[in-house]
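Now for the letters of each chain:
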Amino acid sequence: MSSATTLVPEPYVWTEPPLGDAKSAPTRFYTDPEVFKAEVEHIHLKTWFFAGRVEEVPSPGDYKALDSIGGPVLLVRGEDGVLRAFANVCRHRASILLEGCGHANNIICPYHAWNYRLDGTLAGAPGMREVPKFEKPPHGLIPIRMEVWEGAIFLNYDDNAPDLTAYLGNLPELLGSHRFGEMVKTWHIEIDVNCNWKLLLENAMETYHTGIVHAATVGAQRSVSFPTSGEWLSIQVQSSRSIAVLGEEPPFPAIEGLNEQARKGTYFTLVAPTTQFACAQDCIWWLAVRPVAVDRSVLSVGGCFPSAYTELPDFESRAAPYYKRWEAVALEDVGILEKQQRGLSSKLSRPGPLSWRDDMVLAMNRWVMARLPAHVVDGMHD
Ligand code: FES
Ligand SMILES: [Fe+2]
């Protein structure tokens with residue numbers, strides 16, 4: 001692993017149109033169910049999205065059920081120690097199999113008790129022996145494509161999508177010295193939000209709003225932007241101490257071996273389209289957004305610390321202020337974004353001029369629009 005990154009930050013990253021000509025996206029980008037439908041088909045079902053951390057399912061039989069844009073998902077670790085992802089759906093008549101997190105020796109459907117091994121194969125189907133032509137092998141759980149980067153589990157519904165390594169491009173170069181793979185997830189919340197999924201991520205990638213929306217918590221921030229290769233974007237909020245916690249002295253020291261750039265602040269990185277890793281000097285937290293409808297999303301916020309910290313006897317009391325800050329700031333953002341969604345629904349709402357501090361908002365708008373069919377993009381402007 002290289003100790004230094006060659007990624008060089010700039011005050012902002014801007015290609016075109018010229019600064020002064022760029023406008024926020026048409027309101028229908030955030031309010032039209034047809035646009036949302038096209039995003040699901042052309043973006044969400046074709047790209048990598050974050051599903052959790054490997055240490056959430058550490059041992060054979062451990063499982064985690066979650067919802068995704070493509071439906072219910074089951075992550076389960078097999079007897080062979082291999083982590084697998086399946087549609088959390090029975091092959092008989094489609095009941096959900098497991099919910100929440102837990103441990104199971106086999107997976108039993110709560111409806112008619114078809115049961116599956118941890119590797120997804122069908123072990124038993126009561127009463128089906130009498131059914132002509134019935135065979136178990138074709139009726140195992142349906143796998144979902146999964147790849148893991150540094151302990152972070154990503155899923156993709158598209159078997160033809162580029163692999164995760166290609167997708168992430170040079171992201172590992174920027175985040176490598178944080179050694180995400182040696183971290184442990186210790187905290188997680190989910191928040192139902194009445195806004196379009198893109199608003200949550202656009203907000204997470206700009207510091208223009210922080211002095212206002214977060215006046216009572218993190219306050220005003222300044223950031224630089226990185227030109228990147230791959231399907232990701234990054235800014236860095238400049239601060240010599242961790243901003244993952246409010247107040248003066250962070251309870252945890254800086255991560256050992258952080259490179260010079262990483263010591264200068266917190267990277268707010270978007271792995272397009274729905275995953276953010278915020279990487280401070282002492283921890284990483286994520287924002288992962290699950291689009292539900294054009295004006296509804298679920299925001300997952302989770303926190304990870306180096307295992308050297310989580311093993312400390314007073315870890316919980318030292319970590320508590322981080323959890324408090326993550327939740328408080330997330331709720332401040334949710335509050336303003338729900339106002340923004342209501343404003344966007346006005347018949348009189350019009351695209352407004354963008355600031356250079358909206359550089360990542362523009363970059364994200366363009367990333368999404370580039371993946372939508374031309375008639376959908378043109379239709380937004382009607
Ligand atoms: S739906 Fe699962 S056994 Fe019938
Ligand atoms: Fe914010």
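Residues numbered from 1 in each chain as written. Chains lettered and ligands numbered in written order. Predicted model: local features only at pLDDT ≥ 70, side-chain atom pairs only at ≥ 80, totals over all residues. Heavy atoms only, no water.

1. Description of the overall build of the chain
- Within the chain, the secondary structure is distributed over 10 helices and 17 strands.
- In summary, the chain has a C-alpha radius of gyration of 22 Å against a globular reference of 21 Å for 382 residues, a match within 12%.
- C-alpha atoms of the chain, sized along the principal axes, occupy 70 × 60 × 35 Å.
- Once local pairs closer than 6 in sequence are excluded, the contacts in the chain between residues at least 24 apart make up 69%.
- Carbon together with sulfur atoms contributes 53% to the accessible area of the chain, which is approximately 17,300 Å² in total.
- Placing the 34 positive and 46 negative side-chain charges of the chain at their respective mean positions leaves the two points 4 Å apart. (Helix = DSSP H or I, 4+ residues; strand = E, 2+ residues; numbered from the N terminus. Rg over C-alpha atoms; globule rule 2.2 N^0.38 Å. Contact = heavy atoms within 4.5 Å. Areas by Shrake-Rupley, 256 points an atom, 1.4 Å probe, with all protein chains shown as cover. Lys, Arg positive; Asp, Glu negative; His and termini not counted. Charge placed at Lys NZ, Arg CZ, Asp CG, Glu CD.)

2. A closer look at the nonpolar core
- Formed by 86 residues in total, the largest nonpolar core has its most connected members in Phe-277, Leu-299, Phe-305, Trp-326 and Leu-372.
- Looking at this core element by element, the count peaks at nine residues for helix 8 (residues 315–344).
- Among all residues touching Leu-372, those that are not within four sequence positions of it are Phe-29, Val-35, Ala-38, Glu-39, Ile-43, Val-377 and Met-380.
- With 18 residues, the next largest nonpolar core counts Leu-97, Ala-104, Tyr-116 and Leu-118 among its residues. (Core = buried A, V, L, I, M, F, W, Y, C linked by side-chain atoms within 4.5 Å. Buried < 20%, exposed > 50% of the residue type's maximum accessible area, 1.4 Å probe, protein only.)

3. Quick look at the packing of helix 5 (residues 197–204) against helix 8
- For the pair helix 5 and helix 8, the least separation of the axes is 10 Å and the interaxial angle reads 130°. Of the possible angle classes, the one that applies to helix 5 and helix 8 is oblique. Like other packed secondary-structure pairs, helix 5 and helix 8 cross with a definite hand, here right-handed. On helix 8, the residues that touch Leu-199, Leu-200 and Asn-203 of helix 5 are Asp-333, Ile-336, Leu-337, Gln-340, Gln-341 and Leu-344.
- For the contact of helix 5 with helix 8, the residue count by class is five nonpolar, three polar and one charged. (Axes fitted to C-alpha atoms, helices over the stretch in contact; angles between N-to-C directions. Parallel < 35°, antiparallel > 145°, perpendicular 65-115°, else oblique. Left-handed = near helix turned anticlockwise from the far one by under 90°. Nonpolar A, V, L, I, M, F, W, Y, C, P; charged D, E, K, R; others polar.)

4. Points about the coordination of the iron ion (ligand 2)
- In this structure, His-209 (NE2), His-214 (NE2), Asp-333 (OD) and Asp-333 (OD) serve as the protein donors to the iron ion (ligand 2), at separations of 2.1 to 2.5 Å.
- If you look at the iron ion (ligand 2), its four donor atoms make angles of 56 to 148° with each other, and the shape they trace is irregular.
- Expressed as a motif, the donor residue spacing for the iron ion (ligand 2) is H-x4-H-x118-D. An identical accessibility class is assigned to His-209 and His-214; each is buried. (Donors = N, O, S within 2.8 Å, 3.2 Å for Na, K, Ca; no water. Tetrahedral: all angles 85-135°; square planar, octahedral: opposite > 155°, others 65-115°.)

5. Comments concerning the pairing of strand 15 (residues 275–279)
- By the criterion of burial, strand 15 is predominantly enclosed, with five of the five residues buried.
- By the alternation rule, side chains of strand 15 split into Thr-275, Phe-277 and Cys-279 and Gln-276 and Ala-278, which are all buried.
- Here strand 14 (residues 265–271) runs beside strand 15; their pairing, made up of five bridges, is antiparallel. When the bridges of strand 15 are listed, Phe-268 appears paired with Ala-278.
- Hairpin connection from strand 14 to strand 15: three residues lie between these consecutive antiparallel strands.
- Here strand 15 runs beside strand 16 (residues 284–293); their pairing, made up of five bridges, is antiparallel. The partner of Cys-279 across the bridge, within strand 16, is Ile-284.
- Hairpin remark: strand 15 followed by strand 16, antiparallel, with four residues in the connecting loop. (Pairing = 2+ DSSP bridges.)

6. What to know about the domain arrangement of the chain
- Domain assignment breaks the chain into domain 1 (28–48 + 177–380) and domain 2 (53–146).
- On the domain 2 side, the residues contacting the 14 residues of domain 1 number nine residues.
- Roughly 890 Å² is buried in total at the junction of domain 1 and domain 2, and carbon and sulfur atoms are behind 66% of that figure.
- The three residues of domain 1 that bury the most area against domain 2 are Trp-48, Lys-185 and Arg-290, which together make up 49% of that side's buried surface.
- Connecting domain 1 to domain 2 are one salt bridge. (Domains from an automatic or database assignment. Buried area = accessible area lost by both parts, 1.4 Å probe. Salt bridge = Lys/Arg side-chain N within 4 Å of Asp/Glu carboxyl O.)

7. Digging into the sheet that holds strand 4 (residues 83–87)
- Across the sheet, which stays open at both edges, the four strands sit in the order 4-3-2-5 with antiparallel pairing between neighbours. Of all strands in the sheet, those with a lone pairing partner are strand 4 and strand 5 (101–103), marking the two edges. The sheet shows a mean angle of 25° between the axes of neighbouring strands, taken without regard to direction.
- Strand direction decides the pairing type here: strand 3 (residues 71–77) and strand 4, joined by five bridges, are antiparallel. Looking at strand 4, one finds that Leu-74 is bridged to Phe-86.

8. Some words on the packing of aromatic side chains
- Taken as a whole, this structure holds 25 aromatic pairs when the rule is applied.
- A connected cluster of aromatic rings, assembled from ring pairs, spans Trp-187, Phe-252, Phe-268, Trp-285, Phe-305, Tyr-309, Phe-315, Tyr-322, Tyr-323 and Trp-326. (Phe/Tyr/Trp six-rings, centres within 6.5 Å; stacked < 30°, edge-to-face > 60°.)

9. Looking at a negative patch on the surface
- A grouping of Asp-67, Glu-99, Glu-190 and Asp-192 is seen on the molecular surface, where their side chains present a negatively charged patch.
- Looking at where Asp-192 falls in the secondary structure, it is placed in strand 11 (residues 183–193).
- For Asp-192, a relative accessible area of 64% puts it in the exposed group. (Patch = residues over 30% accessible without salt bridge, like charges linked within 9 Å, V, L, I, M, F, W, Y side chains within 5 Å.)

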